[in-house]
Amino acid sequence: MSNSIDDLFCEFVRTRSPALLRTAFLLTGDRHLAEDLVQDALARTHRGRHRLDDPGHFEAYTRTAMYHQHVSWWRRRRMVESLPGELADVVAPDSDHTRRTDLKLALHQVLDRLTRRQRAVLVLRFFEDRSEAEAADLLHCSVGTIKSQTSKALARIRKMAPELLSAVMEDA
């Protein structure tokens, strides 16, 4: 039985690591910190893999561990943020790469200028598509805090990069 759980965990790591890394990058704003965050979360999941009822819970357990670890990092230490690394992105061959790159750069710059809490709330609410209650539970705060941080973050984004809003409106 342990070999099958180990095999399933190895398969999970191989297939889901890129998605976990993208989420961690959005949370941290730094490629190296994102890699550390994913590695720590996967290590925690590996230690608890035998307690999980279903191997399908590996991802939920890992993501929850990532969010909790990230929250503990920004509660525990204040560190100087570095410039974010680049993640490979697959695009359609007929898309406008320069426009897409400009929007990616603008988004990364704006996210980098948000507070860690605002960035975490936006990642959970819009990238992970979590409800306000789920985000509040994961970040150990109230739903009101999630609402206010979302509102403040979106207002800052609208003020700092209005071109992002116009790009979203064009794509819609």
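Residues numbered from 1 in each chain as written. Predicted model: local features only at pLDDT ≥ 70, side-chain atom pairs only at ≥ 80, totals over all residues. Heavy atoms only, no water.

(A) View of helix α7 (residues 143-160). Here α7 contains 18 residues, and its C-alpha end-to-end distance of 26 Å stays within 8% of the 26 Å for a straight helix at 1.5 Å per residue. Among all positions of α7, only Ile146, Gln149, Thr150, Ala153 and Ile157 are buried. Along the axis of α7, the buried residues cluster in a sector spanning 105°; they form a single face. (Helix = DSSP H or I, 4+ residues; strand = E, 2+ residues; numbered from the N terminus. Expected span 1.5 Å × (residues − 1). Buried < 20%, exposed > 50% of the residue type's maximum accessible area, 1.4 Å probe, protein only. Arc of directions from axis to C-beta.)

(B) Structural view of the pattern of salt bridges. Across all of its chains, the model carries seven salt bridges by this definition. Here the residues in one salt-bridge network are Arg16, Glu59, Arg63 and Glu128, joined through shared partners. (Salt bridge = Lys/Arg side-chain N within 4 Å of Asp/Glu carboxyl O.)

(C) Up close: helix α6 (residues 132-139). Listed in full, the buried residues belonging to α6 are Ala135, Ala136, Leu138 and Leu139. Along the axis of α6, the buried positions cluster into a sector of 165°, meaning they face one direction only. One or two residues past the end of α6 sits His140, with phi positive at roughly 55°.

(D) Quick look at the environment of His32. Relative to the helices and strands, His32 is located in helix α2 (residues 31-47). For the pair formed by His32 and Leu21, sequence separation is eleven residues and the distance between their alpha carbons is 10.0 Å.

(E) Broad picture of the packing of α6 against α7. Interaxial distance between α6 and α7 falls to 8 Å at its minimum, and their mutual angle equals 105°. With respect to their mutual orientation, α6 and α7 come out roughly perpendicular. On α7, the residues touching Glu132, Ala133, Ala135, Ala136 and Leu139 of α6 are Val143, Ile146 and Lys147. (Axes fitted to C-alpha atoms, helices over the stretch in contact; angles between N-to-C directions. Parallel < 35°, antiparallel > 145°, perpendicular 65-115°, else oblique. Contact = heavy atoms within 4.5 Å.)

(F) Examining the nonpolar core more closely. With 40 residues, the main nonpolar core has Leu27, Val38, Met66 and Leu139 as its most contacted residues. Of all the elements in the fold, those that place two or more residues in this core are α1 (2-28), α2, α3 (58-76), α4 (97-113), α5 (116-127), α6 and α7. Contacts of Leu27, omitting those with residues within four sequence positions, involve Leu37, Met66, Tyr67, His70, Arg119, Ala120 and Val123. (Core = buried A, V, L, I, M, F, W, Y, C linked by side-chain atoms within 4.5 Å.)

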